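Coordinate inspection notes
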Amino acid sequence: MKSPSKPVRRGSPAASFRTQIEKAEVAGCARGDMTLRLTLGDASLLKRDPALAVTDITFADGAMTFLGVPIQEGGVTESKLVVAKAADGE
């Protein structure tokens, strides 16, 4: 029996996450209201991306951020940008 093939990545995860963050900002969301929920694989790729500028990713006090957006690793089957909803329903 053949094992299932791995999904093909369509580019750098950093480029995809950067685009998602920029789109959310254009829609009026502040980076402080966003969280990147990443699969362990995408988090690993992001940490090891040789094309990523050192200033784009930070590690401080046990937390990782990408472009100022906090990252939560694991616990998801697909990486996504989570944007907090406004308390007043906007």
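Residues numbered from 1 in each chain as written. Predicted model: local features only at pLDDT ≥ 70, side-chain atom pairs only at ≥ 80, totals over all residues. Heavy atoms only, no water.

A separate point is helix H1 (residues 13-26). Here H1 is 14 residues long and its end C-alpha atoms lie 20 Å apart, about the 20 Å a rise of 1.5 Å per residue gives. Turning to H1, its buried residues number three or more, namely Pro-13, Ala-14, Phe-17, Ile-21 and Ala-24. Along the axis of H1, the buried residues cluster in a sector spanning 95 degrees; they form a single face. For H1, exposure combined with an orientation more than 90 degrees from the buried face picks out Lys-23 and Val-26. Tucked inside the fold, the buried residues of H1 contact strand E1 (34-38), helix H2 (40-47), strand E3 (63-66), strand E4 (69-73) and strand E5 (80-83). Looking one or two places after H1, you find Gly-28, whose phi comes out positive at around 105 degrees. (Helix = DSSP H or I, 4+ residues; strand = E, 2+ residues; numbered from the N terminus. Expected span 1.5 Å × (residues − 1). Buried < 20%, exposed > 50% of the residue type's maximum accessible area, 1.4 Å probe, protein only. Arc of directions from axis to C-beta. Contact = heavy atoms within 4.5 Å.)

Our next topic: the nonpolar core. Grouped together as the largest cluster of nonpolar side chains are 18 residues, with contacts concentrated most on Ile-21, Leu-36, Leu-46 and Phe-66. No other element matches H1, which puts four residues into this core. Sequence-distant contacts of Phe-66, defined by excluding residues within four places in its chain, comprise Ala-14, Phe-17, Arg-18, Ile-21, Leu-36, Leu-46, Leu-52, Asp-56 and Ile-71. (Core = buried A, V, L, I, M, F, W, Y, C linked by side-chain atoms within 4.5 Å.)

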